Amino acid sequence: MKIWPLLVTVFASAVLMAETCPTPKVEKSIQRKTAKPKTPAMPAIMEPKSIDSENAQCTLSMRNKVHFQVVGQGVAPVNTISPAQAMALAKRAAIADAYRQLGEKICGVRIEGRDLVRNMMISRSTVRTQINAIIRNAKILDTRFKNGLYEVEMEVTIDGKRWYDRLSR
Amino acid sequence: MVRPPFALIALFASLPVFAGDFYLSYHLVARDHAVAYEKLSISAAMTTFSGHFIEICRFPSPQTRFQTFAKNHRKDLLECLQKSAIWLRSYETYTNLLRQRDTVSLRIPPTRLKVDFNEGFVIIKRDLERGGD
């Protein structure tokens, strides 16, 4: 006999809740418009999966290592006293170039552009690039000398375990 | 009760025969892919270094003087020190879309080194706390 008042109060509260907290409505018309875009035939390179996987390889995480590989080139100066000295100096220049390329890749390049306009015409346009970096643990993988050009292959490995915390700050 | 002198001999044999503390600095400038300037400076320290030194390279060499060793094994020494740390500065200028000059400067700032000559090896240790970086 005492169940009826309880049932009535539960029903009344349910009706009130339904009015005060209406369920969110999904705008089906908008969804229909966006759900079926015209998909032209995309080439294989433009597939989002392949781009994501490529980015994942270049992104540093706690568990992976990123390798930066460059090839530096150097030539011997004109005023050398022997071919051996020329070769040694060419190698130094190649190492310096390889370090510069590593600096470009890892630390980035600062670019400054200046245009000089005279009589409503550009008379001089200057672009100056600058790199400032400290590079550690660069490995020389290979060296070769051919036709007066010395090439040095160099690599820097960044370990996520060590560098992720510092670089993600 | 006479103790054999083996322990003493072993102790002296394990100690480096010659050792020294040095400052080393290096500067190289390359312009348009050719070396324009290069200088390696080595100076013996006036006081003994203290601190935490870590071995960075070891070369087999019978020499007992660091200056002579650096002269004969300049290439190896520089590769070892460059691997440890190097400061890079590079400039490139383009005017009216034509490249004017490309300059790369590599520098090892004055670095504290402890050099041991032991059993035909030259052992180079670097101060990582005050190594110029």
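Let me begin by describing the structure that accompanies this report. (Residues numbered from 1 in each chain as written. Chains lettered and ligands numbered in written order. Predicted model: local features only at pLDDT ≥ 70, side-chain atom pairs only at ≥ 80, totals over all residues. Heavy atoms only, no water.)

With that settled, the discussion passes to the environment of His52 of chain B. Structurally, the position occupied by His52 of chain B is in the loop between β2 (34-44) and β3 (53-60). Taking C-alpha positions, His52 of chain B is 5.9 Å from Asp127 of chain B, a pair spaced 75 residues apart along the chain. (Helix = DSSP H or I, 4+ residues; strand = E, 2+ residues; numbered from the N terminus.)

Turning next to the pattern of salt bridges. Considering all chains together, one arrives at 15 salt bridges over all chains under this definition. Of the charged contacts in the structure, one is a salt bridge between Arg92 of chain A and Glu38 of chain B, with a shortest N-O distance of 2.3 Å. Taken together, the residues span two chains, with Arg92 of chain A in helix α4 (residues 83-107) and Glu38 of chain B in strand β2. Residue Arg92 of chain A is classed as buried on the basis of its relative accessible area of 14%. In this structure, the salt-bridge partner of Arg100 of chain A is Glu104 of chain A, at a minimum N-O distance of 3.8 Å. Pair noted here: Arg100 of chain A and Glu104 of chain A are both in helix α4, with a separation of 4 residues, about one helical turn. By relative accessible area, Glu104 of chain A is classed as partly exposed at 31%. Each of Asp97, Arg100 and Glu104 of chain A together with Glu92 and Asp102 of chain B takes part in salt bridges that share partners, so that together they form one network. (Salt bridge = Lys/Arg side-chain N within 4 Å of Asp/Glu carboxyl O. Buried < 20%, exposed > 50% of the residue type's maximum accessible area, 1.4 Å probe, protein only.)

Further remarks concern the pairing of strand β1 (residues 65-75) of chain A. Successive residues of a regular strand alternate their side chains across the two faces of the sheet. All names here are of chain A. Only one face of β1 is buried, namely the one carrying Val66, Phe68, Val70, Gly72 and Gly74, since none of Lys65, His67, Gln69, Val71, Gln73 and Val75 on the opposite face is buried. Relative to strand β5 (residues 149-159), β1 runs antiparallel, the two sharing 11 bridges. Opposite Val66, over in β5, you have Ile158 as the bridge partner. (Pairing = 2+ DSSP bridges.)

Residues and elements named next belong to chain A. Together, Val109, Ile111 and Val127 make up a nonpolar patch on the protein surface, roughly 240 Å² of accessible area in all. Among the secondary structure elements, Val109 is positioned in the loop between α4 and β2 (110-118). Since its relative accessible area comes to 37%, Val109 is described here as partly exposed. (Patch = residues over 30% accessible without salt bridge, like charges linked within 9 Å, V, L, I, M, F, W, Y side chains within 5 Å. Areas by Shrake-Rupley, 256 points an atom, 1.4 Å probe, with all protein chains shown as cover.)

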